[in-house]
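Letter by letter, the chains look like this.
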Amino acid sequence: MLHFLHHFPRSGFARTSLVLRSASTKASTPLAAAHLLYDKQYINGKWVPSSNKDSFIDVTDSNTGEIFATVADGTAVDTEQAIIAASNAFHSWSNLSLLERKRYIQQILEEYEKVKPDIANALTKELGAPQEFAKNVHSELYPFYSRQYLSIVDEYEWVEELDDISLVVKEPIGVVGAITPWNWPLNQIACKMVPALLAGCTFVLKPSEVTPINAYLLTEAVHASGLPPGVFNMVCGTGPKVGEVLATHPLVDMVSFTGSTGVGKHLHMLGSSTVKRVRSELGGRSAIVVLPDATAEQIEMMATQILENSGQSCLGLGRMIAPGSRYEEIVQIARDAYEKVQVVEASNEAAKTGDIGPVASRTQYDKIRSYIQKGIEEGARLV
């Protein structure tokens, strides 16, 4: 939560309808019923048409490669409207008591439970997560982290005495712009949104355009909770049209970004023009070291850790550094473990724990295949 706060030393401290879904606009309409159209942005407590009325973003079903939904292609105008709404709401929201802000977060949680089944279903399509994983992991991450923050916020030290003459007072930083990734969408939305709102900040969310449906459904829950207008806003669109505006706009006090290293570096550069805080969690792969005394069970566990979420995790252990004396044994253990895993269509109800779904998009598929080919060209062994 500290990232969303200013530090001041004492001496310087003076429902309209959202979507068209077949013949109904209710959130409980089965997602498989028809092509989904989400053509609005959520700004200042209302669902409003995007200023870009002639352009949309297609969302692809990871299992079939077919388009199953269309979302708004947000613009700089949409983004600025959301930022202004958040800025106007900041004073009243930040002056609410912590108890009142906690009540709103709890109300969002209660409304979230109503849309959670739809969110799990959406994630089987837009992310390709198997039903069990979408239901028991992905869709549970927002309530999990919300409850974690609610349970610890009362222990947070908003005022800290350093010595007899110095005092640190922690205050909300202002408007927070959040840019979230496609691979763990609800995890990242929760970890940015909930502490920001609890701290007294107002919020503008740009979800990934690859997996945006879960964010729309979460925003339905936010709207139904009665959260004051402007406190939470969502603009769906691409990085250049929406994310860069968040990074450069003078009314945005902080940007929180999770994604690739290249985009992160670019956002830090853009943010420097207004000397705003940019906090980033950037992509990477970690190695795991296999010690000489590792058991076969431990090696199998290490080898298969990367398969979670179909290998689409920044914390995936993508390399094993193994003792040369056990190299062939470890390769065989890993191979045997991988051959037990089935790649299933996400809607397959017979899928077992440990089975994985497709990768999220053709772009990801092609990227993975290119890495395999590059490895072979550089002398790697494909087992």
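Note: the structure precedes this text.
Keep in mind the model is a prediction, meaning the values are calculated, not measured. (Residues numbered from 1 in each chain as written. Predicted model: local features only at pLDDT ≥ 70, side-chain atom pairs only at ≥ 80, totals over all residues. Heavy atoms only, no water.)

**Side note on the overall build of the protein chain**
Then, in step 1: Looking only at helices and strands, the protein chain has 10 helices and 15 strands in total.
Then, in step 2: Against the globule reference of 21 Å for 383 residues, the protein chain gives a C-alpha radius of gyration of 22 Å, in line with a compact fold.
Then, in step 3: Seen through its C-alpha atoms, the protein chain measures out along the principal axes to roughly 65 × 65 × 35 Å.
Then, in step 4: Put simply, the protein chain has 383 residues, and 48% of those count as buried.
Then, in step 5: Carbon and sulfur atoms form 54% of the exposed surface of the protein chain, whose accessible area is close to 18400 Å².
Then, in step 6: Computing the positive centroid from 34 side-chain charges and the negative centroid from 43, the protein chain places the two 3 Å apart. (Helix = DSSP H or I, 4+ residues; strand = E, 2+ residues; numbered from the N terminus. Rg over C-alpha atoms; globule rule 2.2 N^0.38 Å. Buried < 20%, exposed > 50% of the residue type's maximum accessible area, 1.4 Å probe, protein only. Areas by Shrake-Rupley, 256 points an atom, 1.4 Å probe, with all protein chains shown as cover. Lys, Arg positive; Asp, Glu negative; His and termini not counted. Charge placed at Lys NZ, Arg CZ, Asp CG, Glu CD.)

**Quick notes on the packing of aromatic side chains**
Then, in step 1: The full count for this structure, using the stated rule, is 10 aromatic pairs.
Then, in step 2: Each ring, one from Phe144 and one from Tyr145, has its centre 5.0 Å from the other, and the planes form 80°; the classification is edge-to-face.
Then, in step 3: Given the relative accessible area of 43%, Phe144 is considered partly exposed.
Then, in step 4: Three or more aromatic residues joined by ring pairs make a cluster, and in this case those are Tyr38, Tyr42, Trp47, Phe203, Tyr216 and Phe232. (Phe/Tyr/Trp six-rings, centres within 6.5 Å; stacked < 30°, edge-to-face > 60°.)

**Focus on the pairing of strand S3 (residues 40-43)**
Then, in step 1: Neither face of S3 is left uncovered, since the one carrying Lys40 and Tyr42 and the one carrying Gln41 and Ile43 both have all their residues buried.
Then, in step 2: Where S3 meets strand S4 (residues 46-49), 4 bridges bridge the pair, whose relative direction is antiparallel. Among the inter-strand pairings, Gln41 is bridged to a residue of S4, identified as Val48.
Then, in step 3: The turn joining S3 and S4, which pair antiparallel and follow one another in sequence, is formed by 2 residues; a positive phi near 55° is taken by Asn44. (Pairing = 2+ DSSP bridges.)

**A word on the side chain of Gln364**
Then, in step 1: Along the polypeptide, Gln364 turns up in helix H10 (residues 362-377).
Then, in step 2: Beyond its immediate sequence surroundings of up to four residues, Gln364 is in contact with Trp182, Gln312 and Val359. (Contact = heavy atoms within 4.5 Å.)

**As for the pattern of salt bridges**
Then, in step 1: As enumerated under the stated definition, the model contains 15 salt bridges in all.
Then, in step 2: With a shortest N-O distance of 3.1 Å, Arg381 and Glu328 are connected by a salt bridge. A residue pair is termed long-range when its members are at least 10 positions apart, and Arg381 in the segment after H10 and Glu328 in helix H9 (residues 327-339) qualify at 53 residues.
Then, in step 3: Among the residues examined, Arg381 registers a relative accessible area of 49% and is labelled partly exposed. (Salt bridge = Lys/Arg side-chain N within 4 Å of Asp/Glu carboxyl O.)

**Regarding the side chain of Ser225**
Then, in step 1: By the secondary structure assignment, Ser225 is in helix H5 (residues 213-225).
Then, in step 2: Filtering out sequence-adjacent residues up to four positions away, Ser225 remains in contact with Gln107, Ile108 and Glu111.

**Focus on a nonpolar patch on the surface**
Then, in step 1: A cluster of nonpolar side chains, namely Ile368, Ile372, Ile376 and Leu382, defines an oily patch on the protein surface of about 340 Å² accessible area.
Then, in step 2: Here Leu382 lies in the segment after H10. (Patch = residues over 30% accessible without salt bridge, like charges linked within 9 Å, V, L, I, M, F, W, Y side chains within 5 Å.)

**A word on the pairing of strand S10 (residues 202-206)**
Then, in step 1: Burial analysis of S10 places 5 of its 5 residues in the buried class, which makes it a mostly covered element.
Then, in step 2: On S10, burial covers both faces: Thr202, Val204 and Lys206 on one face and Phe203 and Leu205 on the other are all buried.
Then, in step 3: Sheet topology note: the strand S9 (residues 175-179)/S10 ladder contains 5 bridges and is parallel. In the strand pairing of S10, Val175 is matched with Thr202.
Then, in step 4: Remark: the S9/helix H4 (residues 185-199)/S10 crossover connection has right-handed handedness.
Then, in step 5: Here S10 pairs with strand S11 (residues 232-234) via 3 bridges, running parallel. By the bridge assignment for S11, Val204 is matched with Asn233. (Right-handed = clockwise from strand over helix to strand, strands pointing away.)

**A few points about helix H6 (residues 239-248)**
Then, in step 1: When H6 is considered as a whole, its buried residues turn out to be Val242, Gly243, Val245, Leu246 and Ala247.
Then, in step 2: Of the surrounding elements, those touching the buried residues of H6 are helix H1 (76-94), S9, S10, strand S12 (254-259) and helix H7 (261-271).

**Details of unusual backbone geometry**
Then, in step 1: One non-glycine residue, Asn309, lies in positive phi territory at about 60°.
Then, in step 2: The residue Asn309 is located in the loop between helix H8 (296-304) and strand S15 (317-321) in this model.
Then, in step 3: When its relative accessible area of 6% is taken as the criterion, Asn309 is described as buried.
Then, in step 4: At Ser310, a position not held by glycine, the phi torsion is positive, near 55°.
Then, in step 5: On the secondary structure map, Ser310 appears in the loop between H8 and S15.

**Remarks on the packing of H1 against H6**
Two quantities define a packed helix pair, namely the angle between the axes and the distance from one axis to the other.
Then, in step 1: Orientation of H1 relative to H6, taken along the N-to-C sense of each, is 40°, at an axis distance of 8 Å. Between H1 and H6, the crossing angle belongs to the class labelled oblique. The interaxial crossing formed by H1 with H6 has right-handed handedness. The residues of H6 that touch H1, namely those facing Ala76, Thr79 and Ile83, are Lys241, Val242, Val245 and Leu246.
Then, in step 2: Of the residues contributing to the contact of H1 with H6, the split by class is 5 nonpolar, 1 polar and 1 charged. (Axes fitted to C-alpha atoms, helices over the stretch in contact; angles between N-to-C directions. Parallel < 35°, antiparallel > 145°, perpendicular 65-115°, else oblique. Left-handed = near helix turned anticlockwise from the far one by under 90°. Nonpolar A, V, L, I, M, F, W, Y, C, P; charged D, E, K, R; others polar.)

**Things to note about the nonpolar core**
Then, in step 1: Residues Tyr142, Met193, Phe203, Ile213 and Phe232 are the most contacted members of the largest nonpolar core, which totals 61 residues.
Then, in step 2: A per-element tally of this core places helix H2 (residues 98-126) first, with 10 residues.
Then, in step 3: Discounting residues that sit within four places of it in the chain, Phe232 has contacts with Tyr42, Met193, Phe203, Leu205, Thr219, Val222 and Leu227.
Then, in step 4: Residues Ala82, Val235, Val255 and Leu267 belong to the second largest nonpolar core, which totals 19 residues. (Core = buried A, V, L, I, M, F, W, Y, C linked by side-chain atoms within 4.5 Å.)

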